[in-house]
Amino acid sequence: MEILLNALQKIKNTIMMKKKKLLFFTAMTILLAYIQACKTGELVEPENKKLTLHFSVVYKNSGISFTDQQFITKANDTIVPTEFKILFSKIALIRSDNTDLAIDNVYGFVNFKKSANTIVLDNIPKGAYIGLKFWIGLDSAINYGDPSVYEATHPLNPNVNGMHWNWAGGYIFSLHEGTYLNKGISEGYSYHIATPRFANQITIPFYLPFDKTWVEAHLYVKADMEKYFSSIHNYSIKTEGAGSHSNPAQANIIDKLNTNIQTIFSVTK
Amino acid sequence: MTINFRHKKLLFLIAIVALIYACKKDISISNFDPKNTIPKSLQYFELEKPFGFLATTPLIDNRFSKEGVLLGRMLFYDPILSADSTQSCSSCHLQKNAFTDPRQFSIGITGALGLRNGMPLFNLNWHNKGFFWDGRASNLRSQVLIPIEDPIEMNNTIANALTKLNSSSQYTAMFNQVFGAKNITADHLAKALEQFLNTLISSNSKFDKKIRFEAAFDDQEADGEAFFHAENIPALSLRGADCAHCHASSGSLFTNHDFSNNGLDTGEFSDLGRFKATGLNSDKGKFKVPSLRNLSYTAPYMHDGRFTTIDQVLDFYSDHVKLNSPNLDPAMSHSRTTFQFKFTQSEKDMLKAFLKTLDDPIFIADTAKSSPFK
C-alpha cells in the first residue's frame, strides 16, 4: 500500500513539475509574443486614430491681418479683406481606392480672422488617404432647422459663428467682406453665400499614409484669398458687383465665386 | 472556496480604489451639472433658457443660487458701492427703461456727465464678444466692477467698496452664506452681481409669443418683419431694409454682438469707439451692435444718444447714413453704395410696427427684478 502511495505521489510530483514547466513555458511564450508585438506596435497602436485639421489663410504668400492690409486682385481691384468665415459639413476622407470615408455629424466653423482654427476628426481607421472633401454649406434640414438646439460651443450655434440670418434665411455658408477702391473712394464689398442651392463641394488632394507609424495626424489646410477673386474667373468687384446675399437672381455672381473658392484650398502635412 | 483575511483586505482595497475611480468626475463644460455643485445650505437657481434662445456656456465657476441672486440684486440697488453712498447701479439702469438711462448721458456722483449713452441690461448671458459700447470688458464679471471705480460714475475704489461691505453685518453674513467666505473680495462682489444680472432675461415680447404660437402678428407687423429681413437690390427691383445682417433675429437676440460703424459720422470721429479697446485703425468709429428689443423703453438711441425717437432712427437709416464714413460696415454699404434707402412712410410705419413687437412689458414690470428694498 505504501509503495502504491509513494508511486502515486511520484506521479503527482511529476505531473506538478510538468504543469509548472508548462505554465512557465506558456508564460514565457506569451511574454515573448507581447514583447515582439510591442516592438511592431500592433498591441499599443489603436486601430482608429485622430486627425486634426488646422486652417489658416494667406494672400499669395502673405499673411492677412483683416484690418487695413491692401491687396490688388488680377482684375485690378484694390481690396482690404476684413472678414472671411466658412461653415462646412459632410466631411470625408478619400481612400486610396477613391472611395469616401464619410465623417458623419461633424460640422466645422472657421473664422480666418482668428489664429486658431482646428477641427478634430476622431476614429479615423488606418489606411492611405489621398484627399479631403467637404461641403461649404449645409443641407436644407440643418440650414432651416432650429439653431437653438445646438450646445453653446457647437459650430452651428449662431452665437459661435455669427452666420445665421433667421429661421427663413438659415445660415450664411461663407462670408467674405471688406472694402475696395471705387474711383479712389473706399467702399464696402460683401459676399454672403447661402441657401442650399449655393452649397459648394470642395475636394483637396493630398497623400496621407495614415498607417501604424502614426499615433495621430495633422493636416494643414491653407486658404489662398487671392484665388477668391482671381482663379478660374478673374472677378471684378467694380464691374461685376460688390456683393451678393445669394438671391437666386444673382447666381451669376455666386457661381463664379463658388468656382473660384473650389481652388483656394491646399493641404500640407 | 475560502477567502482568508489577507484576501479580504486586498479585495476591500481594490473595491475602495474602484469606487473612488468610478466616483471621480471631470468637472468640464460637457458634463457640468450645476445642481450637483451647490451646497445644501443654498437653493439652486436655474437660469432660464427661453424657447428659441440659443444655448450658452454654463458659468462653471459661479454657483447660481436663490440666495446669490438676491445678494446680487441687493448690491445692484444699494448705493453702498459708490464712494459717497449716493448712487447705485440702478440709478442709471432703471427697470422701467429696460435697465438703461433715459437721459442722453448719465450723471455720476460728482455731477460729471458720462461720455456715452447707458446700455440697457438684458439677455447678458448671450453676449459673447465684450461689454460696453467699445467691448473693453471681455465678460460680465469684469464689466461690473468698472463703473464702481470710474471717476465719472461711482468714483469709488474697489478696496473702499469692499471695506464698506465688510463692515456690514448683513452683507458679510450673506456673502458668507453664498460663497462660504468670511472676507468679501472683489471676486465675490463681481460674482454676486453677475448672478443677478444674468437673471435679467427679456423673453416675453409679442415676437416671443408669436414664435411660441401664443400670439399672431397683424398685417402691418408681419409686413414689417418681412421688410426688416429683406435684402435691398435695386438692380433686381428688390426692396428691403436689410436690418438682419447686424440685428440678426437668430436666437431671438436681434444683435450679432459685433462692433460696427453704421455711418453716423464722417471724417474724424469725436468718439473712436472700439478703437479705444483694440488700438486698431480699422476699429475707429465702430460700436457694439445693440439689441433691438425693448426699443420703446430705451430711448435715446445710438452710443451717444443722439436720437430721441424711433422715427429719428428710421429717418437716419433711410436718408442720412454717411456713405463715406471710414470703416463703414460693408454689409451696409453693400446695400446702398451710392444711394440712400429713401424709405416710404408706409415702409417706416411697418418697420416701426415690427420693432414694437420686440417690446417686453412683462420684463420691465417683473417684481423679481425690482428693488428688494421697497
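Scoring rules and cut-offs
Residues numbered from 1 in each chain as written. Chains lettered and ligands numbered in written order. Predicted model: local features only at pLDDT ≥ 70, side-chain atom pairs only at ≥ 80, totals over all residues. Helix = DSSP H or I, 4+ residues; strand = E, 2+ residues; numbered from the N terminus. Contact = placed C-beta atoms within 7 Å. Buried ≥ 20, exposed ≤ 12 C-beta atoms within 10 Å, placed from the backbone. Nonpolar A, V, L, I, M, F, W, Y, C, P; charged D, E, K, R; others polar. Pairing = 2+ DSSP bridges. Axes fitted to C-alpha atoms, helices over the stretch in contact; angles between N-to-C directions. Expected span 1.5 Å × (residues − 1). Core = buried A, V, L, I, M, F, W, Y, C linked by C-beta atoms within 7 Å. pLDDT = per-residue confidence, 0-100. Left-handed = near helix turned anticlockwise from the far one by under 90°. Parallel < 35°, antiparallel > 145°, perpendicular 65-115°, else oblique.

### Description of the overall build of chain B
Within chain B one finds 14 helices and two strands. A separation of at least 24 residues holds for 67% of the contacts in chain B among residues at least 6 apart in sequence.

### Some words on the overall build of chain A
Tallying secondary structure elements over chain A gives six helices and 14 strands in all. Out of the 269 residues belonging to chain A, those deemed buried represent 35%. Contacts in chain A between residues far apart in sequence, at least 24 positions, make up 75% of those at least 6 positions apart.

### A word on the interface of chain B and chain A
Taken together, the contacts link 31 residues of chain B with 31 residues of chain A. Here the side of chain B that touches chain A takes four residues from helix H12 (residues 330–335) of chain B, the largest share from any one element. Split into classes, the residues belonging to the side of chain B that touches chain A amount to 13 nonpolar, 15 polar and three charged.

### Let's talk about helix H9 (residues 219–229) of chain B
Those residues of H9(B) lying buried are Glu221(B), Gly224(B), Glu225(B), Phe227(B), Phe228(B) and His229(B). The inward-facing, buried residues of H9(B) contact strand E8 (164–166) of chain A together with helix H13 (345–356) of chain B.

### A look at the sheet that holds strand E6 (residues 118–125) of chain A
Residue and element names in this part refer to chain A. Taken in spatial order, the four strands of this open sheet run E6-E1-E12-E14, and their pairing is mixed. Each edge of the sheet is formed by a strand with only one pairing partner; in this case those strands are E6 and strand E14 (265–268). Neighbour to neighbour, the strand axes of the sheet diverge by 25° on average, direction disregarded. In this sheet, E6 lies alongside strand E1 (residues 48–58) in antiparallel orientation, the contact comprising six bridges.

### Concerning helix H2 (residues 66–77) of chain B
Residues and elements named next belong to chain B. For H2, with twelve residues, the first-to-last C-alpha span of 17 Å sits near the 16 Å given by 1.5 Å per residue. Buried within H2 we find Gly68, Val69, Leu71, Gly72, Arg73, Leu75, Phe76 and Tyr77. Its buried side turned inward, H2 meets helix H6 (169–179) and helix H7 (186–197).

### Brief notes about unusual backbone geometry
Working note: non-glycine residues mostly have negative phi, and peptide bonds are mostly trans. All names here are of chain B. A cis geometry characterises the amide bond from Ala299 onward to Pro300, with omega recorded as 0°. Its location among the elements puts Pro300 in the loop between strand E2 (287–288) and helix H11 (310–320). Of note, Asn123 is a non-glycine position whose phi angle comes to about 50°, a positive value. By the C-beta count within 10 Å, which is 24 here, Asn123 ends up buried.

### Re the pairing of strand E9 (residues 170–182) of chain A
All names here are of chain A. A large share of E9 lies buried, amounting to eleven of its 13 residues. As paired strands, strand E3 (residues 78–95) and E9 are joined by seven bridges and run antiparallel to one another. Bridge pairing links Phe84 to His176 in E9. Bridge count between E8 and E9: two bridges; the pairing is antiparallel. In the strand pairing of E9, His164 is matched with Tyr171. Between the end of E8 and the start of E9, which pair antiparallel, lie three residues. Strand direction decides the pairing type here: E9 and strand E10 (residues 185–194), joined by ten bridges, are antiparallel. Bridge assignment links Tyr180 to a residue of E10, and that residue is Glu187. The turn joining E9 and E10, which pair antiparallel and follow one another in sequence, is formed by two residues; a positive phi near 55° is taken by Lys183.

### Topic: the pairing of strand E12 (residues 216–224) of chain A
Two faces make up the sheet, and in a regular strand the side chains alternate between them. Residue and element names in this part refer to chain A. Here E1 pairs with E12 via nine bridges, running parallel. Across the sheet, Ser56 pairs through a bridge with Lys222, a residue of E12. Of the strand pairs in this sheet, E12 and E14 are connected by four bridges, and their pairing is antiparallel. The partner of Val221 across the bridge, within E14, is Val267.

### Observations regarding the nonpolar core
In a soluble, globular protein the nonpolar side chains are often hidden away together inside. Phe173(A) and Leu351(B) are the most contacted members of the largest nonpolar core, which totals 72 residues. Considering every element that reaches this core, the biggest residue donor is E3(A), with nine residues. In contact with Phe173(A), other than residues within four places in its own chain, are Ile86(A), Leu87(A), Ile136(A), Gly137(A), Leu138(A), Ile193(A), Ala194(A), Phe198(A) and Ala199(A).

### Here we look at the confidence of the model for chain B
Scored by pLDDT, chain B has a mean of 90; 89% of the residues are at 70 or more. The ipTM for the predicted assembly is 0.82, set against a pTM of 0.83.

### Points about the packing of H2(B) against H6(B)
Residues and elements named next belong to chain B. Across the interface, H2 lies against H6 with an axial gap of 9 Å and an inter-helix angle of 145°. The handedness of the crossing between H2 and H6 comes out as left-handed. Together, Glu67, Gly68 and Leu71 of H2 and Met174, Phe175, Gln177 and Val178 of H6 make up the contact between the two elements. Classifying every residue of the contact of H2 with H6 by side-chain character gives four nonpolar, two polar and one charged.

### Focus on the environment of Asn176(B)
Residues and elements named next belong to chain B. The topology assignment puts Asn176 in helix H6. Residue class for Asn176 comes out partly exposed when judged on the 14 C-beta atoms lying within 10 Å of it. Here Asn176 is in contact with Ala181 and Lys182, once residues within four sequence places are set aside.

### Re the packing of H11(B) against H13(B)
All names here are of chain B. Between H11 and H13, the least distance of the axes is 11 Å, while the angle of their chain directions is 125°. On the basis of their axis angle, the class for H11 and H13 is oblique. In this structure, H11 meets H13 at a crossing whose hand is right-handed. Each of Ile310, Leu314 and Ser318 in H11 lies in contact with H13, whose residues at this interface are Lys348, Leu351, Lys352 and Leu355. Its residues assigned to classes, the contact of H11 with H13 comprises four nonpolar, one polar and two charged.

### Quick word on the confidence of the model for chain A
Residues and elements named next belong to chain A. Put simply, chain A has an average pLDDT of 85, and 81% of its residues get 70 or more. The lowest-confidence element of chain A is helix H1 (residues 2–40), averaging 58 in pLDDT; the highest-confidence one is helix H4 (residues 226–229), averaging 97. Residue range residues 37–45 is modelled with pLDDT below 50. Its contacts to residues more than four positions away, or to other chains, number seven contacts.

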